[in-house]
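So the chains spell out like this:
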Protein chains: 2
Amino acid sequence: MNLILLRPEETGTSDGSATVRLTGRRLEHLNKVLKAEVGDSVRVGILGGLMGRGEIVAISRREAVLAVRLDSPPPPRLPLSLILALPRPIMLKRVLAQAAALGVQHLFLINARRVEKSFFAASPVREGDFSPYLENGLEQAMDTVAPTVSVHPRFSPFVEDVLPGLAGRARLLAHPLAEARPLAELVPRPPLTGPLLLAIGPEGGWQGHEVVSLGQAGFVVFSLGPRILRVDTAVPALIAQIGLLLGRG
Amino acid sequence: MNLILLRPEETGTSDGSATVRLTGRRLEHLNKVLKAEVGDSVRVGILGGLMGRGEIVAISRREAVLAVRLDSPPPPRLPLSLILALPRPIMLKRVLAQAAALGVQHLFLINARRVEKSFFAASPVREGDFSPYLENGLEQAMDTVAPTVSVHPRFSPFVEDVLPGLAGRARLLAHPLAEARPLAELVPRPPLTGPLLLAIGPEGGWQGHEVVSLGQAGFVVFSLGPRILRVDTAVPALIAQIGLLLGRG
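Residues numbered from 1 in each chain as written. Chains lettered and ligands numbered in written order. Predicted model: local features only at pLDDT ≥ 70, side-chain atom pairs only at ≥ 80, totals over all residues. Heavy atoms only, no water.

1. Some remarks on the nonpolar core
Here's step 1: Membership of the largest hydrophobic core comes to 130 residues, with the highest contact counts inside it found for Leu163(A), Trp206(A), Leu163(B) and Trp206(B).
Here's step 2: If sequence neighbours within four positions are ignored, Leu163(B) has contacts with Ile83(B), Phe158(B), Arg171(B), Leu197(B), Leu214(B), Ala217(B) and Phe219(B). (Core = buried A, V, L, I, M, F, W, Y, C linked by side-chain atoms within 4.5 Å. Buried < 20%, exposed > 50% of the residue type's maximum accessible area, 1.4 Å probe, protein only. Contact = heavy atoms within 4.5 Å.)

2. Points about the interface of chain B and chain A
Here's step 1: Facing the 33 residues of chain B at the interface are 33 residues of chain A.
Here's step 2: For chain B, the biggest contributors to the area lost against chain A are Arg227(B), Ile228(B) and Leu244(B); these three give 24% of the whole.
Here's step 3: Between chain B and chain A we count 2 salt bridges in total.
Here's step 4: For Arg227(A), the salt bridge identified is with Asp143(B), shortest N-O distance 3.0 Å.
Here's step 5: Put simply, chain B and chain A have 12 residue pairs in polar contact (both at pLDDT 80 or more) between them.
Here's step 6: The set of elements that each furnish at least two residues to the side of chain B that touches chain A consists of helix H3 (89–101), helix H5 (131–141), helix H7 (183–186) and helix H9 (231–245) of chain B.
Here's step 7: Among the residues forming the side of chain B that touches chain A, the class breakdown is 18 nonpolar, 8 polar and 7 charged. (Buried area = accessible area lost by both parts, 1.4 Å probe. Salt bridge = Lys/Arg side-chain N within 4 Å of Asp/Glu carboxyl O. Polar contact = N/O pair within 3.5 Å; in protein donor to acceptor, adjacent residues only side chain to side chain. Helix = DSSP H or I, 4+ residues; strand = E, 2+ residues; numbered from the N terminus. Nonpolar A, V, L, I, M, F, W, Y, C, P; charged D, E, K, R; others polar.)

3. Some words on the packing of H3(B) against H9(B)
Residues and elements named next belong to chain B.
Here's step 1: One can describe the packing of H3 onto H9 by two numbers: an axis separation of 9 Å at closest approach and a directional angle of 15°. Considering the angle they form, H3 stands roughly parallel to H9. Here H3 runs over H9; the crossing is right-handed. Taking contact as the criterion, the partners of Met-91, Arg-94, Val-95 and Gln-98 in H3 are, on H9, Val-231, Asp-232, Val-235 and Pro-236. (Axes fitted to C-alpha atoms, helices over the stretch in contact; angles between N-to-C directions. Parallel < 35°, antiparallel > 145°, perpendicular 65-115°, else oblique. Left-handed = near helix turned anticlockwise from the far one by under 90°.)

4. Topic: the environment of Gly194(B)
Here's step 1: Secondary-structure assignment places Gly194(B) in the loop between H7 and strand S11 (196–200).
Here's step 2: In contact with Gly194(B), other than residues within four places in its own chain, are Pro79(B) and Leu246(B).

5. Some details on the pairing of strand S4 (residues 51–59) of chain B
Residue and element names in this part refer to chain B.
Here's step 1: With 5 bridges joining them, strand S3 (residues 41–46) and S4 adopt antiparallel strand pairing. Within S4, the position partnered with Val-44 by the bridge is Gly-52.
Here's step 2: Between S3 and S4, which pair antiparallel in sequence order, lie 4 residues; one of them, Gly-48, sits at a positive phi of approximately 80°.
Here's step 3: Pairing geometry for S4 and strand S5 (residues 64–72), over 8 bridges, is antiparallel. For Gly-52, the partnering residue across the bridge sits in S5 and is Leu-70.
Here's step 4: If you look at the hairpin formed by S4 and S5, you'll find 4 residues sitting between the two strands. (Pairing = 2+ DSSP bridges.)

6. A word on the side chain of His175(B)
Residues and elements named next belong to chain B.
Here's step 1: Mapped onto the fold, His-175 is located in the loop between strand S9 (170–174) and strand S10 (181–182).
Here's step 2: What makes His-175 buried here is its relative accessible area of 13%.
Here's step 3: Every residue in contact with His-175, bar those within four places of it in the chain, is listed here: Ala-180, Trp-206, Val-211, Val-221, Phe-222 and Ser-223.

7. Concerning the sheet that holds strand S6 (residues 80–85) of chain A
Hydrogen bonds along the backbone pair up the strands of a sheet, which may run parallel or antiparallel.
All names here are of chain A.
Here's step 1: Pairing within the open sheet is parallel, and its 7 strands lie in the order S8-S7-S6-S11-S9-S12-S10. Looking at the sheet topology across the chains shown, the edges are occupied by strand S8 (148–152) and strand S10 (181–182).
Here's step 2: As paired strands, strand S9 (residues 170–174) and strand S11 (residues 196–200) are joined by 5 bridges and run parallel to one another. Bridge pairing in S11 places Leu-173 opposite Ala-199.
Here's step 3: Running over the sheet, helix H6 (residues 155–162) touches S6, strand S7 (106–110) and S8 and is turned about 140° from S7.

8. Structural notes on the domain arrangement of chain A
Residue and element names in this part refer to chain A.
Here's step 1: What the domain assignment lists for chain A is domain 1 (4–72) and domain 2 (80–245).
Here's step 2: Taken over C-alpha atoms, the centre of domain 1 sits 33 Å from the centre of domain 2.
Here's step 3: The interface is formed by 11 residues belonging to domain 1 together with 7 residues belonging to domain 2.
Here's step 4: For the pair domain 1 and domain 2, the summed buried area comes to about 750 Å², and 56% of that belongs to carbon and sulfur atoms.
Here's step 5: On the domain 1 side of the interface with domain 2, the three residues burying the most area are Leu-5, Arg-25 and Met-51, jointly 54% of the side's total.
Here's step 6: Our count for the domain 1 to domain 2 interface comes out at 2 salt bridges.
Here's step 7: Between Glu-135 and Arg-7 there is a salt bridge, with its nearest N and O atoms 2.9 Å apart.
Here's step 8: Taken together, domain 1 and domain 2 are joined by 4 residue pairs in polar contact (both at pLDDT 80 or more). (Domains from an automatic or database assignment.)

So this is what it looks like as C-alpha cells:
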C-alpha cells in the first residue's frame, strides 16, 4: 500500500483540505506496516480524484485522524482498453490489480469457447464487485482512477453489438497464427497513437471462429512468439510493450 | 502444463526416440487434465534439450508409457540476465516461473538495504532448490532451458567482485531518479543488442548508495514513470519491453 485511498464521502471534498478518520484495514496498515506516529506524513488520494499527503494528527489502535491536503493529479492513464477472455478466479483477481496498476482505461471480461462456464459463476464475477482488487492495484501503483469493468457472458453479442460502438480505435489481437508478425514489426514507428483495444485470449487460446469474428471487427493479429504465457504474465508484458510503443515506457 | 518435461536420465537420449514411463504429477496431468488415452500425442521436452511429441502407448492410474520423438530445438532465449533484489518468498516463486517462461538467461538474487533478512532464511532460498518453480515456467511457456540462478547475500561483494566479471554488457537499472528518462527514450533505435543486464530493486526501492554503486558498475538509470509496480508485474513488463527493443516482441 504505497497510497492510502480515501472515498469522496470520507473527506467531503474532492480537492483542498479535510480531516479524515480511518479504521479497519487502512488503520492496521498505518499501525503495523508504517508504524506511523503523530506528525508523520503519508501519501493519500481520493478515489477518482486528487492525490496528496495526510499528516497524522492522532493515532491509536481504534482510529487514526489525518489532516489531508490534496494538490496533485493522479498519473496519466494509457489510452488502452483491454478485452480479456475471462480467466480463472485466482488469475482474474491478479489481473484486475495489474490492470489498475498499469493504468488501463476499461476492462471487458468476455466469454470465449475455451473459457470454463464456472468462471462466470465464481466470485468476484458473481457479485459483480471488482473494487477490492482494483483498489489493491491503485494503492500499489499510487493512482486514484480504476479501470471501469464490464462483463460479457456471450461472445457474439459482444463482438456484434459492443465492439462497433468502440469504432475508430486501433485493435490488436494476441494470437499465434502462423502468418502473424511480432508486435515490434506490426506497429508503425514513430509512436503508436491511442485509443487502443488489446484482446487477450483464454488458456488454450482463441478458437478459429473467434479469431475470424475479431478480425472482421477490425482486429489485427500479432504473435507473442513461441512462448505461451500465463495471463498474469501476458497482461503486464503486453500492456508494457504497448506503453513503450505509445512513447510512455 | 503445455509441455511435459522429461529428465535426460528418463530417456537415455538427448535426441531421437525413446520410451518413457511417467508417474506422479505428470501422470496425474495426463489423466485428469488432458484425459489422455492410448494413441493420443502430447508435447514433451527434455530438460536442457530438444522438444517433440510423445505418443501414449499405455496409460493407467499407476503409470503412463510414452513413445517420444524429439526433433525440435527449444525457443530462442533473450540475451538478458536479471539482477533482482530478493523479493518475499511468495513473489520469488512467481518471479522464478516468469523468468523461466520469458527466457531469461541468468537470475542473480541479491541483497539490498530494503530486502528483509528473513527472505534469505526462507524457502526456497534456504534449500537452494529453485527447480520446481523454474520448471513450472518452462512447462507453461514450452521451453526446456531454465535460467541459471545464483544467490548473493551481500550487496557490495556482488557489485565489486561479480559484476566486473560480466564486463562489456549493456546495463539498465530501473529506479525513479528525478532526472531518469523513460526506457523508450533511453535505448537507441534501431534495435538494442545484447547481452543485457537489467537490475530491479526491492519493495521500497534501491537506496542512494546502491544506485551510486550500480552506476559506477556501468548501469544506466531509467524510470518506469510515476507508477510503482509490484515485482511480479514489473518483471514481465520490463522483460517484455526489452524484448521488444531487441526486436523480439
